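Take a look at the letters that make up each chain.
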Amino acid sequence: MAIPGLRYVSDYVDPASHDRLFAAVSTNSWLHDPGGRGFQIYGYSYHHTKGGIHRIDDLPDWAADVGKRLWQDGLMPYVPDQLVANEYPSGTGIFPHVDAPFFDDTIVSVSLGSSCVMVFTESDTGRIEEMLLEPRSALVIAGEARDKWKHSIPPRPQDTWLDQVIPRGTRVSLTFRKMLRTSGM
């Protein structure tokens, strides 16, 4: 796949760190959207349709450590100050979207738990590309991948990748971002 600004890093976190992160995020309460997906928001909260942005708290230590590492490893050009943890029980997904414009360019998602196939759709042409996101991986979305491609996860109990059927279990994505200072804060 050749989408400018998209970078996949397999095995970004080791197995022990994966388990610690999964346990840490699982100890907190999940809010739920109408589609059954759970979420937790840290750093800044926002509402897509109402446009409100407000600071809620610092990232918890376990998340701040990952954010600092993303910056140190060059996956992000800054230390992130916002995190959304999304919980995807088997069979759930997320609609095609581009992350809100009040975040800086680079967004990184760390996958925990189950694998899934993410679908990328080019806004101008409708071209579709797919990518298998494995547990412990990091996905960097920046530049053209961030601005001109929508990303989604189809709601289904299994994925097919390279002619192999991969059942889905619960997947958690830790999506790290930086708020733009011009977003009215």
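Keep in mind it's a predicted model, so treat the numbers as computed, not measured. Numbers given to residues run from 1 along each chain, matching the order in which its sequence is written. Residue-level local features of this predicted model are given only where pLDDT is at least 70; pairs of side-chain atoms are given and counted only at 80 or more, and the full residue set underlies all totals for whole chains, interfaces and linings. Heavy atoms from the whole structure form the basis of all side-chain values; hydrogens and water molecules are not counted.

A. Looking closely at the overall build of the protein chain. Along the backbone of the protein chain there are three helices and 15 strands. For the radius of gyration, the atoms used are the C-alpha atoms, and the globule rule reads 2.2 Å times the number of residues raised to 0.38. For 185 residues, the compact-globule formula gives about 16 Å, and the C-alpha radius of gyration of the protein chain, at 16 Å, lands near that figure. Along the longest, intermediate and shortest principal axes, the C-alpha atoms of the protein chain span 45 × 40 × 35 Å. Each residue is assigned to one of three classes by its accessible area relative to the maximum for its type, calculated with a 1.4 Å probe on protein chains only: buried under 20%, partly exposed between the two thresholds, exposed over 50%. When each of the 185 residues of the protein chain is scored for burial, the buried share is 49%. Taken together, the 18 basic and 23 acidic charged side chains of the protein chain have centroids lying 3 Å from each other. The numbering of helices and of strands both runs from the N terminus, where a helix is a DSSP run of H or I of at least 4 residues and a strand a run of E of at least 2. Note on charges: Lys and Arg go in the positive column, Asp and Glu in the negative column, and His and the chain ends are not counted at all. All charge positions are set by atom: Lys at NZ, Arg at CZ, Asp at CG, Glu at CD.

B. Looking closely at the pairing of strand β6 (residues 82–88). Counting buried positions along β6 gives seven out of seven residues, so the element sits mostly inside the fold. Here β6 shows no split at all, with Gln82, Val84, Asn86 and Tyr88 on one side and Leu83, Ala85 and Glu87 on the other all buried.

C. Up close: the sheet that holds strand β7 (residues 94–97). Think of it this way: DSSP has to see at least two bridges between two strands before they count as a pair. Spatially, four strands are ordered β7-β12-β9-β10 in an open sheet, and the strand pairing comes out antiparallel. Edge positions in the sheet fall to β7 and β10 (128–133), since each has one partner strand and no second. Going from strand to strand, the sheet's axes swing by 20 degrees on average, the running direction of each strand aside. Axis lines are fitted through C-alpha atoms, for helices just across the contact stretch, and the angle between N-to-C directions can take any value from 0 to 180 degrees.

D. Quick peek at the pattern of salt bridges. A carboxyl oxygen of Asp or Glu within 4 Å of a side-chain nitrogen of Lys or Arg is what we treat as a salt bridge. In total, this model carries nine salt bridges according to the counting rule given. Asp33 is paired through a salt bridge with Arg37; the nearest N and O atoms lie 3.0 Å apart. For Arg127, the salt bridge is made with Glu129, and the minimal N-O distance between the two is 3.0 Å. Salt bridges sharing partners connect three or more residues here, namely Arg156, Asp159 and Arg168.

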